[in-house]
Amino acid sequence: MKNDLPGRGLILNYVAALAAIFSLNFALPRLMPGDPLHAIYGDEALVSMTAEMEAHLIKQFALDRTWTDQLAAYLMGLLHGDLGFSYYYKDQVSAVIMGALPWTLLLTLLALAIATVIGVIMGIEAASRRGRLLDRGLTASLMFLSGFPMFFMGILLLLIFGVSLGWAPLFGAITPYSGLEGLDYLKDLCSHLALPVAALVLVLVGDTFLITRSTAISILAESFIMTARAIGCSEFKVKYAHSGRNSLLPVVTETGMRIPHLLIQTLFIEIVFSYPGVGSLLNTALNSRDYPLLQGILLLLTVLVLTVNLFVDLLYSKLDPRVRYAH
Amino acid sequence: MHIDPFRAVASDRLALAGLFILATIVLMAVLAPVLTFFSPDCYTGHIFSRPSLMNPLGTDSLGQDIWSRLLYGARTTLIVAAGVAVISITLSVLVGASAALIGGIYESIWMRIVDAMYSVPPIIVMILVAAYIRPNLLITILMISLLSWPEGARIIRSQVLSLKEREHIYASQTFGAGCMHIFKSHIAPELSPLIMAMTVQDARRAVFMEAGMGFLGVSDPMTISWGKIIHQALDFTYLDVWKWWLLPTGLALSLTLVALCFIGFSLEAAMDPRLVPGPLERSQEQC
């Protein structure tokens, strides 16, 4: 019974957070000066709005009734999975977002995997050479890189490798109308992926590196490492099997906690490279003031982030019993 | 935990480099009117002109002097950073320390709020609200502060919770010391290195958020901000202008963030005794 409590407390937090976003989504357009329908649907909709549609929408949102009725109408819509209609894309918001989401997930997961592997290896190597040139060089340069705002890292790579050298394509995820198939398609996909992923990895890798390094440093000072060396383990085995494996727990949890941050950064990177994911969608929604799309995207992001956070929190308290008692 | 944050920063080369960069940017922002020939909003008569003596970084698509906009943009960045750091840390300390010291229902209510706010990334809320109201400088500062204090409050609370179990606190309680007195003379001094590290952290996040809002084009059109200059310049990467428009602005923003990052790292490292080299290792490093 007692073990269930932290889980329930956590879920309560997430419900509260979700409710906060819902109420912002509901209240913001209705608090704006002027016609609430205009604020809900944005500029794009006004162009194609007919009197008939207006009447229909006012009825749908219950805009002519009290705010409690409006809230009920809003929640009913959400329960039906109805995020509204994007007048810019002339399609259901949920369909538009679902079309873009795979690209964002591809970028995020690829960058996360690469950055984690590189960060862990470099962290372990640096820890075993603590204070020497390689360690100090790596620490300083990765700290420098991780301080960079990701979108500027993207711009920098775009300017160097895309604009100046012309090695990589400047925008998009695939060459449009090229009709490539099979291996050529894959090559095209990868050449478009290279720069955005590189930008994400360059900024991300620093955090993983620093955590692995500091954990590995404290583990290398433990007596079982001395034992391993005394019984003649190779240095490689000591570094990776003994200290490396033991420093993974903080790395895993820390990585999990940084996924939301990464997701947001990916959106910025997508805008720089015009990558057809949720980020570019967000940019379009902001520029064309397509509010239903904007709200849908931010709602989806919140749900994604909360799900990941909840998962990591639960996993964390399973892996580390001390966290369970702290609640 | 007796740490002298000033000594930690002064003995760390990276942190000193960070301080130097930050000082340069502050100086440039303060001296902006002296260092420029044009006001940042004035039309110079040429668009996309190359760097020259009058326009050290040329002019942008609206014919405004880029150098001047860069310097005045630094003011926005620094004001936001300082404003958010002060407001956010004040809220963090007030809520975190009072929750830890008073306890009971008061503590659980605040911590519920903190936990709930902590689970949503502030930038999502920021984008949502900014898309509707295009906040000006003051509202931006207030919004970022309101969104970023919970993390600090959590850290301060746990620190105060462990500090208040110390012997000398019990001793002063037996002499009849109240909450305020214990906080002022026994807890606040111990918190100061932590508060400094968190202030830098808050400032860094604020700079990033403000630039991010500008980059997404949802800040007040009247403020001059580095993020917005980058947003504007990104449309013209096919011209040569990015070399003196996009690049210097992005570098200025990145250097500011990196500088804050270095200072923050050094303050954090000073508080984590595991990462500070022992006397033996330190002497080895100096060799």
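That block above? That's the structure.
Residues numbered from 1 in each chain as written. Chains lettered and ligands numbered in written order. Predicted model: local features only at pLDDT ≥ 70, side-chain atom pairs only at ≥ 80, totals over all residues. Heavy atoms only, no water.

Listed per partner, the contact involves 46 residues of chain B and 52 residues of chain A. Of the roughly 4400 Å² buried at the junction of chain B and chain A (both faces included), carbon and sulfur atoms supply 77%. Per-residue buried area on chain B facing chain A is highest for B:Ile124, B:Leu128 and B:Tyr132; these three make up 17% of the total on that side. For the interface between chain B and chain A, the tally reads 2 residue pairs in polar contact (both at pLDDT 80 or more). Top element by residues in the side of chain B that touches chain A is helix 11 (residues 246–271) of chain B. It accounts for 11 residues. Looking at the side of chain B that touches chain A residue by residue, the classes come out as 33 nonpolar, 5 polar and 8 charged. (Contact = heavy atoms within 4.5 Å. Buried area = accessible area lost by both parts, 1.4 Å probe. Polar contact = N/O pair within 3.5 Å; in protein donor to acceptor, adjacent residues only side chain to side chain. Helix = DSSP H or I, 4+ residues; strand = E, 2+ residues; numbered from the N terminus. Nonpolar A, V, L, I, M, F, W, Y, C, P; charged D, E, K, R; others polar.)

This part is about unusual backbone geometry. When glycine is set aside, most residues are seen to have a negative phi, and most peptide bonds are trans. Positive phi values are uncommon outside glycine, yet A:Ser274 reaches one of about 45°. On the secondary structure map, A:Ser274 appears in the loop between helix 11 (248–273) and helix 12 (278–287). A positive phi angle is found at B:Arg134, which is not glycine, with a value near 40°. Residue placement: B:Arg134 occurs in the loop between helix 6 (122–133) and helix 7 (137–163).

A few words on the packing of aromatic side chains. According to the stated counting rule, one finds 13 aromatic pairs over all chains in the structure shown. Aromatic pair A:Phe151 and B:Phe215: ring centres 4.3 Å apart, planes at 20°, arrangement stacked. Here A:Phe151 is found in helix 7 (residues 150–164), whereas its partner B:Phe215 is found in helix 9 (residues 179–216) on a different chain. Across this residue pair, the class does not change: A:Phe151 and B:Phe215 are buried. Relative to B:Trp149, the ring of B:Trp110 lies with its centre 5.9 Å away and its plane at 80°, an arrangement referred to as edge-to-face. In this pair, B:Trp110 is assigned in helix 5 (residues 104–119) and B:Trp149 in helix 7, connecting sequence segments 39 residues apart. (Phe/Tyr/Trp six-rings, centres within 6.5 Å; stacked < 30°, edge-to-face > 60°. Buried < 20%, exposed > 50% of the residue type's maximum accessible area, 1.4 Å probe, protein only.)

Residues and elements named next belong to chain A. Mapping Arg213 onto the fold places it in helix 8 (residues 182–220). Residue classification places Arg213 among the buried positions, given a relative accessible area of 15%. Sequence-distant contacts of Arg213, defined by excluding residues within four places in its chain, comprise Gly123, Ala126, Ala127, Arg130, Asp135 and Thr139.

Attention now goes to the pattern of salt bridges. All names here are of chain B. Taken as a whole and judged by the stated rule, the model has 8 salt bridges over all chains. A salt bridge links Asp202 to Arg205, with the nearest nitrogen and oxygen atoms 3.7 Å apart. One end of the pair is Asp202 and the other is Arg205, both in helix 9 and 3 residues apart, which spans about a single turn. Its relative accessible area of 5% is what places Asp202 among the buried residues. (Salt bridge = Lys/Arg side-chain N within 4 Å of Asp/Glu carboxyl O.)

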